[in-house]
Amino acid sequence: MAVNAVNPERVRVSGHVERVVDFVPAAVSAPFALRCGALLAEYLIVIVIPAGFRLMSRASGNDGAGLINSGFNDIGWLTGLLIGFVSFLLMPVATGKTFGKMATGLSIVMKDGTEPSIKRMIARQLLAGVFFVLTVGLSFLLSALNKSGRALHDYIVGTVVIYADKRPRPTN
């Protein structure tokens, strides 16, 4: 079942009206394993930096309480948190992708294929984080258990994670 969507309220910065034709979310929904890969990439990006700084602190002679209280440790965790914030909230708002989704070729779009508004993307990302923590990851597992591949936060906000590239078709 193809969706022939034209939403004149979605105006891009360049002034063009975005038209998504024949978009079928089920045909391009992201496989669960790929979503897990993106989540793992996010985790690795955020955790490798503090671990690296801790190793640098250890290499400079700190151990025990000195290792935990060192400036290297503080810089590492602050850097990890900053990168996590950028990847989890700012990148999806700006590009529709986190660093992990970029690495795996995934994108976040609305059910009709258009780009989510800034408010919807912020709501999606915040709900994803809250639900993931409150349900200990079970809200994310919902995407493995349904045909559309959407997690709980995707259903609430009306988004879908796709494994596709949105490119304009050449006009004849």
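Residues numbered from 1 in each chain as written. Predicted model: local features only at pLDDT ≥ 70, side-chain atom pairs only at ≥ 80, totals over all residues. Heavy atoms only, no water.

A. The overall build of the chain, seen in detail. The helix and strand inventory of the chain stands at 8 helices and 4 strands. Element order for the chain, N to C, with α for helix and β for strand: β-β-α-α-α-α-α-β-α-α-α-β. Looking at the chain as a whole, 33% of its 172 residues qualify as buried. Taking as baseline every contact in the chain between residues at least 6 positions apart, the subset at least 24 positions apart corresponds to 61%. Surface exposure of the chain reaches about 10500 Å², of which carbon and sulfur atoms provide 68%. (Helix = DSSP H or I, 4+ residues; strand = E, 2+ residues; numbered from the N terminus. Buried < 20%, exposed > 50% of the residue type's maximum accessible area, 1.4 Å probe, protein only. Contact = heavy atoms within 4.5 Å. Areas by Shrake-Rupley, 256 points an atom, 1.4 Å probe, with all protein chains shown as cover.)

B. Inspection of the packing of helix α2 (residues 32-59) against helix α7 (residues 138-145) at higher detail. For the pair α2 and α7, interaxial distance at closest approach is 9 Å and the crossing angle is 150 degrees. Considered as vectors, α2 and α7 are oriented roughly antiparallel to each other. Residues Phe32, Arg35, Cys36 and Leu39 of α2 lie in contact with α7, whose contacting residues are Phe140, Leu141, Ser143 and Ala144. (Axes fitted to C-alpha atoms, helices over the stretch in contact; angles between N-to-C directions. Parallel < 35°, antiparallel > 145°, perpendicular 65-115°, else oblique.)

C. Here's a closer look at the side chain of Asn146. When you line up the elements, Asn146 lands in the loop between α7 and α8 (152-157). Within the structure, the side chain of Asn146 is placed 2.7 Å from the backbone oxygen of Leu142, a separation counted as a polar contact. (Polar contact = N/O pair within 3.5 Å; in protein donor to acceptor, adjacent residues only side chain to side chain.)

D. Summary view of the environment of Leu138. Relative to the helices and strands, Leu138 is located in helix α7. Among the residues examined, Leu138 registers a relative accessible area of 55% and is labelled exposed. With 13 residues separating them in the primary sequence, Leu138 and Ala151 have C-alpha atoms 9.3 Å apart.

E. Inspection of the packing of aromatic side chains at higher detail. Evaluation of the coordinates by the stated rule reveals 1 aromatic pair. Ring centres of Phe32 and Phe140 lie 5.4 Å apart, and the angle between their planes is 40 degrees; this geometry places the pair in the tilted category. Taken together, the residues Phe32 in helix α2 and Phe140 in helix α7 connect sequence positions 108 residues apart. Phe32 sits in the partly exposed class, given a relative accessible area of 25%. Over the ring of Tyr155 we find Arg150, and its NZ or CZ is 4.4 Å from the ring centre. (Phe/Tyr/Trp six-rings, centres within 6.5 Å; stacked < 30°, edge-to-face > 60°. Lys NZ or Arg CZ within 6 Å of the ring centre and 35° of its normal.)

F. Seen up close, the nonpolar core. Ranked by size, the top nonpolar core spans 6 residues in total: Ala30, Ala38, Leu106, Ile108, Met121 and Val161. Beyond its immediate stretch of four places on either side in the chain, Leu106 contacts Ala30, Leu34, Arg35, Ala38, Lys97, Lys101, Val161, Ile162 and Tyr163. (Core = buried A, V, L, I, M, F, W, Y, C linked by side-chain atoms within 4.5 Å.)

G. Local environment of the confidence of the model for the chain. Looking at the chain, the pLDDT average stands at 80 and 82% of residues meet or exceed 70. Within the model, pLDDT remains below 50 along residues 1-13, and this stretch shows 31 contacts once partners closer than five positions in the same chain are excluded. (pLDDT = per-residue confidence, 0-100.)

H. Representation of α7 within the structure. Among the residues of α7, those classed as buried are Ser139, Phe140 and Ser143. Down the axis, α7 shows its buried residues gathered within 110 degrees of arc, on one side only. Exposed and facing more than 90 degrees away from the buried side of α7 are Leu138 and Leu145. In this structure, the buried side of α7 is in contact with α2, α6 (118-134) and α8. (Arc of directions from axis to C-beta.)

I. View of the environment of Ser107. Note on placement: Ser107 falls in strand β3 (residues 107-110). Along the primary structure Ser107 and Ile162 are separated by 55 residues, whereas in three dimensions their C-alpha atoms are 5.3 Å apart. In this structure, Ser107 is in contact with Gly96, Lys97, Val160, Val161, Ile162 and Ala164, ignoring residues within four places of it in sequence.

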